[in-house]
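Residues per chain are reported as follows:
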Amino acid sequence: MSLTESTPEAAAKAAAYSARNLAVLSVDARNDALTAIHDALKTDKQSILEANGRDMELAKQASQDGKLSQSLIKRLDLQRPGKFDDMLQGILDVRKLPDPVGKIDLHTKLDDGLEMTRVSCPIGVLLIIFEARPEVIANIAALAIKSGNAAILKGGKESTESFQTISAVISKALESTKVPNAAIQLVKTRDVIDQLLGLDRYIDLVIPRGGNDLVRYVKEHTKIPVLGHADGLCSVYLHSDADKDTAVRVVVDSKCDYPAACNAAETLLVHEDVLQTVFPAVAAALIDKGVSLKCDERSKAALSGLDRATAAVQDATEQDYNTEFLDFTLAVKTVPKLDVSSSTSSNSSGSSTDDIALDLAIAHINSHSSKHTDSIVTSSSEAAEKFMSAVDAAGVYWNASTRFADGMRYGFGTEVGISTNKIHSRGPVGLEGLTIYKYKIRGSGQVAGEYGEGAGKKRYKHEALPLPQR
């Protein structure tokens with residue numbers, strides 16, 4: 001499980017060769033490898049946490065020196081309650097999922113004795129580059145093996161001790177399995193990254209897991225398709241009929257459950273009608289959790305009677321609505337209720353003040369969001385459905401926290417990352433996001449020249465057939 005080949009190109013070639021062998025392993029053999037990884041990590045939990053503790057000590061010192069952000073430290077911390085156990089459970093969850101390879105979703109009779117199927121298959125070789133997040137090694141290894149893909153992983157220097165210890169445990173575990181040796185490779189040195197990014201002949205997909213600087217760098221330095229997102233600018237909108245208790249629960253969880261996560265809320269949009277009713281309760285709950293609110297003029301004025309708001313409320317700038325804070329800071333903006341009585345065009349279209357406010361909220365999100373995850377709090381199914389249809393994001397929710405944007409919570413077992421791409425995979429990417437498909441045609445000597453228009457030519461039948469049972 002280490003990059004032992006003489007050059008990055010040799011390593012990528014070895015990964016490509018291993019991917020072809022892994023792709024034809026039985027699902028039982030792939031699941032056995034996941035069992036071995038899970039058991040080994042569980043057995044060596046103490047040594048892994050000790051290694052992570054050494055990383056954390058260096059990271060905290062780097063943070064004091066201004067060289068490392070607090071959000072990165074939070075992502076690095078494998079000793080956070082439940083995090084290690086979640087990593088282990090993710091492996092088991094992936095193991096119990098159906099085999100994603102070989103699924104047939106299209107079966108067509110082109111002609112008698114000539115049938116076509118569309119079948120899922122592995123993508124090939126994945127290059128995963130990540131910052132902090134030592135659990136990513138186990139997550140990716142499990143997903144890659146189960147989906148029949150080879151993976152080359154590169155962790156950040158801040159997670160060196162954790163990275164090396166986990167990799168050694170996984171490497172030893174795989175020795176007793178049928179998974180090819182070079183199917184999972186780990187890169188320890190930074191200087192090979194640019195070379196690997198240039199190997200589009202052998203590497204099929206790059207998945208960066210980290211801040212927007214890392215993602216943008218990867219996208220600018222490779223021809224290989226990139227799966228991921230640069231920012232997590234998530235918003236929650238409180239509509240005019242938002243229930244107070246629901247609003248408090250959804251907003252507080254979206255912001256405070258884990259502020260350093262990419263699915264944490266960074267902007268709160270508030271309809272003018274709930275500035276004096278719902279919003280103060282939401283703000284008070286946020287402030288009690290230690291959140292600082294960057295408010296526009298009207299939302300700030302709505303909190304003037306809240307004693308504990310003085311120090312926690314600041315004036316917002318336009319840039320705040322484009323900022324991924326990754327901590328206990330939230331930008332707040334009022335959605336105005338426009339007067340349509342004097343607008344002939346508005347009246348003739350039947351638009352109400354609520355309709356226009358909803359349109360303004362949607363327009364703000366589509367202009368400022370990173371297309372990750374956005375939520376609306378409303379009692380109106382009509383408003384909710386319009387919001388979820390019109391907001392351009394990988395995840396759109398109604399009366400639910402943005403923190404649900406997660407592979408484990410979606411039932412994917414775990415994830416390789418969250419994608420804001422518009423093709424192939426979008427949102428939390430689990431097993432199915434790591435497969436593509438191929439077309440298989442089974443014939444009996446037919447040739448394409450036999451078919452077409454005109455005398456003596458055959459016609460295609462193009463009949464849908466039942467999907468074969470696996």
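Just so it is clear, the structure is predicted and the values come from calculations on it, not from any experiment.

Caption draft 1: Region of interest: the overall build of the protein. Looking only at helices and strands, one finds 15 helices and 17 strands in the protein. With the C-alpha coordinates of the protein rotated into their principal frame, the extents come out at 75 × 70 × 35 Å. Buried residues in the protein amount to 54% of all 470 residues. For the protein, the proportion of contacts with a sequence separation of at least 24, taken over those separated by at least 6, is 72%. Carbon and sulfur atoms form 48% of the exposed surface of the protein, whose accessible area is close to 21200 Å². One finds the centroid of the 54 positive side-chain charges in the protein at a distance of 6 Å from the centroid of its 62 negative side-chain charges.

Caption draft 2: Geometry of the sheet that holds strand 3 (residues 125-130). Taken in spatial order, the four strands make up an open sheet running 5-4-3-6, and their pairing is parallel. Each having just a single partner strand, strand 5 (184-187) and strand 6 (205-209) make up the two edges of the open sheet. Averaged over all pairs of adjacent strands, the angle between their axes in this sheet comes to 20°, without regard to strand direction. Across six bridges, strand 3 lies against strand 4 (residues 150-155) in parallel orientation. Considered in strand 4, the bridge of Leu-127 is made with Ile-152. On the sheet, helix 7 (residues 160-174) packs against strand 3, strand 4 and strand 5 and is oriented at approximately 155° with respect to strand 5.

Caption draft 3: Looking closely at the packing of aromatic side chains. Per the counting criterion, the structure on display carries four aromatic pairs. Judged by centre distance (5.7 Å) and plane angle (85°), the ring pair of Tyr-437 and Tyr-439 falls under edge-to-face. Residue classification places Tyr-437 among the partly exposed positions, given a relative accessible area of 45%. Since its relative accessible area comes to 45%, Tyr-439 is described here as partly exposed. Arranged with centres 4.5 Å apart and planes meeting at 10°, the rings of Tyr-451 and Tyr-460 form a pair that is stacked.

Caption draft 4: Representation of the domain arrangement of the protein within the structure. Entries for the protein in the domain assignment read domain 1 (8-221) and domain 2 (234-338 + 347-412). For domain 1 and domain 2, the distance between their C-alpha centres works out to 34 Å. Across the boundary between the two partners, domain 1 contributes 11 residues, which contact nine residues of domain 2. In total, domain 1 and domain 2 occlude about 840 Å² of area from one another, counting both sides; carbon and sulfur atoms represent 51% of this. When the area that domain 1 buries against domain 2 is broken down by residue, the three leading residues are Lys-74, Arg-75 and Arg-80, summing to 50%. One can count zero salt bridges joining domain 1 with domain 2. Viewed at the interface, domain 2 and domain 1 are joined by two residue pairs in polar contact (both at pLDDT 80 or more). Sorting the residues of the side of domain 1 that touches domain 2 by element identifies helix 4 (70-76) and helix 5 (83-96) as the ones contributing at least two each. Here the side of domain 1 that touches domain 2 gets five residues from one element, more than from any other, and that element is helix 5. Taken together, the residues of the side of domain 1 that touches domain 2 sort by class into three nonpolar, two polar and six charged.

Caption draft 5: Here's a closer look at the nonpolar core. One finds Leu-41 and Ile-128 to be the most contacted residues of the largest nonpolar core, which totals 48 residues. For this core, the element with the most residues is helix 6 (residues 135-146), which contributes nine residues. Not counting chain neighbours up to four residues away, the residues in contact with Leu-41 comprise Ile-48, Phe-84, Met-87, Leu-88, Ile-91, Ala-138, Ile-166, Val-169 and Ile-170. Grouped together as the second largest cluster of nonpolar side chains are 33 residues, Val-250, Leu-268, Leu-303 and Val-313 included.

Caption draft 6: A look at the environment of Gly-148. Note that Gly-148 resides in the loop between helix 6 and strand 4. Along the primary structure Gly-148 and Cys-121 are separated by 27 residues, whereas in three dimensions their C-alpha atoms are 7.9 Å apart. Once residues within four sequence positions are removed from consideration, Gly-148 is found in contact with Ala-19, Leu-22, Ala-23, Arg-30 and Pro-122.

Caption draft 7: Molecular detail of the sheet that holds strand 13 (residues 395-398). Taken together, the seven strands give an open sheet; going across it, the order is 10-9-11-8-7-12-13, and neighbouring strands pair in parallel fashion. Here the strands that pair on one side only, and so sit at the sheet edges, are strand 10 (313-315) and strand 13. Put simply, the sheet's adjacent strands are angled 25° from each other on average, direction ignored. The pairing of strand 9 (residues 292-295) with strand 10 spans three bridges and is parallel. Across the sheet, the residue bridging to Lys-294 is Gln-314, located in strand 10. Each of strand 7 (234-238), strand 8 (265-271), strand 11 (329-335) and strand 12 (373-377) touches helix 10 (residues 244-256); the most contacted strand, strand 7, lies at about 170° to it.

Caption draft 8: Broad picture of the pairing of strand 7. Burial runs high along strand 7: five of the five residues are buried. In this sheet, strand 8 lies alongside strand 7 in parallel orientation, the contact comprising five bridges. Directly across from Ser-235, in strand 8, lies its bridge partner Thr-267. As judged from the four bridges shared by strand 7 and strand 12, these two strands associate in the parallel manner. Each bridged residue has a counterpart across the sheet, and for Leu-238 the counterpart in strand 12 is Val-377.

Quick notes on the rules
- Residues numbered from 1 in each chain as written.
- Predicted model: local features only at pLDDT ≥ 70, side-chain atom pairs only at ≥ 80, totals over all residues.
- Heavy atoms only, no water.
- Helix = DSSP H or I, 4+ residues; strand = E, 2+ residues; numbered from the N terminus.
- Buried < 20%, exposed > 50% of the residue type's maximum accessible area, 1.4 Å probe, protein only.
- Contact = heavy atoms within 4.5 Å.
- Areas by Shrake-Rupley, 256 points an atom, 1.4 Å probe, with all protein chains shown as cover.
- Lys, Arg positive; Asp, Glu negative; His and termini not counted.
- Charge placed at Lys NZ, Arg CZ, Asp CG, Glu CD.
- Pairing = 2+ DSSP bridges.
- Axes fitted to C-alpha atoms, helices over the stretch in contact; angles between N-to-C directions.
- Phe/Tyr/Trp six-rings, centres within 6.5 Å; stacked < 30°, edge-to-face > 60°.
- Domains from an automatic or database assignment.
- Buried area = accessible area lost by both parts, 1.4 Å probe.
- Salt bridge = Lys/Arg side-chain N within 4 Å of Asp/Glu carboxyl O.
- Polar contact = N/O pair within 3.5 Å; in protein donor to acceptor, adjacent residues only side chain to side chain.
- Nonpolar A, V, L, I, M, F, W, Y, C, P; charged D, E, K, R; others polar.
- Core = buried A, V, L, I, M, F, W, Y, C linked by side-chain atoms within 4.5 Å.

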